[in-house]
Amino acid sequence: MTPMTKMPLISAVLGMVATVAVGANHVDPAVTAAIKSRQSHMQLFAFNLGTLGGMAQGKTEYDAEKAQVAASNLAALSSVDFSPYFVVGSSNADVSETRALPAIWEDPEGVLAALAQLQGATAEMADSAGGGLEGLQAAMSALGGACGACHQAYRAPYN
Amino acid sequence: MPFAAWSALLAALTLLVMIALRPAPLPEDLFDQLTGDRSRGRLVFAASGCSSCHSAPEAKPGSAPVLSGGRGFKSPFGTFYAPNVSPGPSGLGFWTDVEIADAILNGVGRGSTHLYPAFPYTAYTHMSQQDAVDLIAYLRTLPPSPAANKSHDIGFPFNIRLGVGAWKLLYLREGWVLDNATSPELERGRYLVEALGHCGECHTPRNFLGALDTSRWLGGAPNPAGEGTIPNITSGGLAWSEDEITTFLKTGFTPTFDSAGGEMVKVIAGLSQLPQSDLEAIAAYLKAVPPID
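*Asks:* Can you help me understand the overall build of chain A in this one?
*Replies:* Of regular secondary structure, chain A possesses six helices and zero strands. If you list the helices and strands of chain A from N to C, you get α-α-α-α-α-α. Sorting the 159 residues of chain A into buried and exposed places 33% on the buried side. For chain A, long-range pairs separated by at least 24 residues make up 68% of all intrachain contacts whose partners lie at least 6 apart in sequence. For chain A, the exposed surface amounts to about 9,100 Å²; the carbon and sulfur share of it is 64%.

If you want it as structure tokens, here you go:
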């Protein structure tokens, strides 16, 4: 092999090394954006749940108007189509920034059932939160169950 | 010494070891003075998390638990399968109360075999006899399941059950981890965490023989059911107030309104049925154990 004919081979090897090196640290920006967006969406749930939970637990005074706004927000948040957030390649088997289990992509029927449970629980909350503390407290339990049902099957613990 | 004498000595020693490691069954009249209360037993069942492992994997929440077993638990020693403990003939239907109690309290199965400690009898051994008979009375009210038991998938030498006898001599202990419970509430919390709740099974790391490392009690551990870490719930790792812990155990919501996930969801489904005072006792206990960094 002459020095000239070696060049393409060396370039090819260097190219492969570079690809592997980048692949180890590089996450597709579209994946990162999807993960950030779904985590932000979950944060919006938590914020509105905090308003209702504070009242349910007696830490803040019951306020029918504020409770109704928070409950309507939760119903709106759960009516969003989540599918663009969960792009293929964004499970915790693919990238480290997420606790989303591959089961989400392997079991779409189960995910849709869990989502329907959430939508039912937020609709119930939207119907009852403005009508008194007792109704709010009762709806809170079903809502907690819906959060837990999805996080039981589809979210890994922290590392 | 001639060869025959050596052989005899070896045989005698083997026999002694086998006798020492053989399960010692509970006396048959153990519960003659006790009567099981099914409704109290339902709470013992909820606190003990029985359905977390023994319910059918596809079980529907809310309905009466069908304890058909079948769920697999991977471990460094192989995969253990939860048995059918429903009251039907494929489950515990033919077992006496004392036989069931022997399994729960001592890890001894029917026919005097050692059970593997994937079944957390090292915790349940601290269960009171009254709670045990109440629990058994409740178990007998549940729907039977015809599911056949699956054999554990365990390699040599862990498939020799007599070895479990040696393991028990080392790790099946009478004492508590928190030896100074200074109030009735702390005693109750200790009983719920160390005995019924068997919280340490996931929240405490294990040694190379699979026994809990009590020097890092509740200090967090690799997730036995898969990836990630089960959190440190001593005050060295968990900054929540007692009130926040109580609320979490009741509702599944963290102080920032995230929710419980993974196996903890089923734990909370059970614990949330307990009286508020029990959840407060658990929170008080968690604040009393030595903080682990």
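That covers the picture; the talk isn't over yet.
*Asks:* I would appreciate a short explanation of the pairing of strand β2 (residues 78-81) of chain B in the present structure.
*Replies:* A regular strand places its side chains on the two faces of the sheet in alternate fashion. Residues and elements named next belong to chain B. Note that strand β1 (residues 72-75) and β2 share four bridges and pair antiparallel. For G72, the partnering residue across the bridge sits in β2 and is Y81. Here β1 folds back onto β2 in antiparallel fashion, the turn holding two residues. As defined by bridge partners, β2 adjoins strand β5 (residues 153-154) across two bridges and the pair is classed as antiparallel. Across the sheet, the residue bridging to G78 is I154, located in β5.

*Asks:* Honestly, the packing of aromatic side chains in this entry has me stumped. Any pointers?
*Replies:* Think of a pair of aromatic rings as described by two things: how far the centres are apart, and how the planes are tilted against each other in angle. Considering all chains together, one arrives at ten aromatic pairs over all chains under this definition. On the basis of an interplanar angle of 55 degrees and a centroid distance of 5.1 Å, the ring pair of F45 of chain B and Y138 of chain B is categorised as tilted. Placement of the pair is F45 of chain B in helix α2 (residues 38-48) and Y138 of chain B in helix α6 (residues 129-139), with a sequence separation of 93 residues. Overall, the relative accessible area of 6% leaves F45 of chain B in the buried class. Here a set of aromatic residues connected by ring pairs shows up, and it is made of F119, Y121 and Y124 of chain B. Across the ring face of Y158 of chain A, the terminal group of R99 of chain A is positioned such that the distance to the ring centre comes to 3.6 Å. The cationic tip of K168 of chain B hangs over the ring face of Y121 of chain B; the distance from NZ or CZ to the ring centre is 5.0 Å.

*Asks:* Help me out: how do you make sense of the interface of chain A and chain B in this one?
*Replies:* Much of the literature gives interface size as the accessible area that the parts lose upon coming together. Across the boundary between the two partners, chain A contributes 22 residues, which contact 17 residues of chain B. For the pair chain A and chain B, the two sides together bury roughly 1,400 Å², of which 56% comes from carbon and sulfur. Summed over the three residues of chain A that lose the most area to chain B, namely Q57, Q152 and P157 of chain A, the buried surface amounts to 31% of that side. Our count for the contact surface shared by chain A and chain B stands at two salt bridges.

*Asks:* How should the sheet that holds β1 of chain B be read in this particular structure?
*Replies:* In a beta sheet, neighbouring strands are held together by backbone hydrogen bonds and run either parallel or antiparallel to one another. Spatially, three strands are ordered β1-β2-β5 (chain B) in an open sheet, and the strand pairing comes out antiparallel. The open sheet terminates on both sides in strands that have one partner only, identified here as β1 and β5 of chain B.

*Asks:* Mind showing me how you'd approach the packing of helix α5 (residues 108-128) of chain A against helix α6 (residues 133-154) of chain A here?
*Replies:* What describes two packed helices is the angle between their axes and the distance between those same axes. Residues and elements named next belong to chain A. At their nearest, the axes of α5 and α6 sit 9 Å apart, and the two run at 165 degrees to each other. It follows that α5 is roughly antiparallel to α6 by the angle criterion. Where α5 crosses over α6, the handedness of that crossing is left-handed. Where α5 abuts α6, its residues G110, V111, A114, Q117, L118, A121, T122, E124, M125 and S128 lie against G135, L136, A139, M140, A142, L143, G145, A146, A149, C150 and Y154. For the contact of α5 with α6, a count of residues per class yields 14 nonpolar, six polar and one charged.

*Asks:* How should the side chain of R99 of chain A be read in this particular structure?
*Replies:* Tracing the sequence through the fold places R99 of chain A in the loop between α3 (64-78) and α4 (103-106). According to the relative accessible area criterion, R99 of chain A is buried, its value standing at 18%. A distance of 3.3 Å separates polar atoms of two side chains, one belonging to R99 of chain A and the other to Y158 of chain A. Discounting residues that sit within four places of it in the chain, R99 of chain A has contacts with N92, Y154, R155, A156, P157 and Y158 of chain A together with D258 of chain B.

*Asks:* Even after reading the chapter, I still don't get the domain arrangement of chain B, so can you show me in this structure?
*Replies:* All names here are of chain B. When the domains of chain B are assigned, the result is domain 1 (34-171) and domain 2 (184-288). On the domain 2 side, the residues contacting the 22 residues of domain 1 number 21 residues. Note on domain 1 versus domain 2: buried area summed over both sides is about 1,700 Å², and carbon and sulfur give 56% of it. Our enumeration of links across domain 1 and domain 2 arrives at one salt bridge. Residue R71 is joined to E263 by a salt bridge in which the shortest nitrogen-to-oxygen separation is 2.9 Å. One can count nine residue pairs in polar contact (both at pLDDT 80 or more) joining domain 1 with domain 2.

What counts, and where the lines are drawn
The numbering scheme is per chain: residues are counted from 1 as the chain's sequence reads. The naming scheme follows written order: chains are lettered A onward, ligands numbered 1 onward. In keeping with the predicted nature of the model, local features appear solely for residues at pLDDT of at least 70, side-chain atom pairs appear and are counted solely at 80 or more, and the whole-chain, interface and lining totals rest on all residues. In computing side-chain values, all of the structure's heavy atoms are included and hydrogens and water are not. Only DSSP runs of H or I covering at least 4 residues are called helices, and only runs of E covering at least 2 are called strands; the numbering of each starts at the N terminus. Think of it in three bands: with a 1.4 Å probe and only protein chains considered, a residue is buried below 20% of the maximum accessible area for its type, exposed above 50%, and partly exposed in between. The contact criterion used throughout is that any non-hydrogen atoms of two residues lie within 4.5 Å. Note that accessible areas follow from Shrake-Rupley with a 1.4 Å probe, and for residues the cover is restricted to the protein chains shown. Following DSSP output, two strands are said to pair if at least two bridges run between them. We call Phe, Tyr and Trp rings a pair once their centres come within 6.5 Å, taking the six-membered ring for Trp, and we label the pair stacked below 30 degrees between planes, edge-to-face above 60, and tilted otherwise. By definition here, charges over rings are those cases where NZ of Lys or CZ of Arg is within 6 Å of the ring centre and within 35 degrees of the ring normal. By definition, the buried area sums, over both parts, the 1.4 Å-probe accessible area that each loses when the two are put together. Here a salt bridge means any side-chain nitrogen of Lys or Arg lying within 4 Å of a carboxyl oxygen belonging to Asp or Glu. Note on definitions: angles span 0 to 180 degrees between N-to-C directions of axes, and those axes are lines fitted to C-alpha atoms, for helices only across the stretch in contact. For classification purposes, angles smaller than 35 degrees are called roughly parallel, those larger than 145 roughly antiparallel, those between 65 and 115 roughly perpendicular, and all remaining angles oblique. For any pair of crossing helices, the crossing counts as left-handed if the nearer helix is rotated counterclockwise from the farther one by less than a right angle, and right-handed if it is rotated clockwise. All residues other than Ala, Val, Leu, Ile, Met, Phe, Trp, Tyr, Cys, Pro, Asp, Glu, Lys and Arg, Gly among them, are scored as polar; the first ten of these are nonpolar and the last four charged. Under this definition, polar contacts are N or O atom pairs within 3.5 Å; protein pairs additionally need one hydrogen-donor-capable and one acceptor-capable atom, and for neighbouring residues in sequence, both atoms have to be side-chain atoms. Marked domain ranges trace back to an automatic or database domain assignment.

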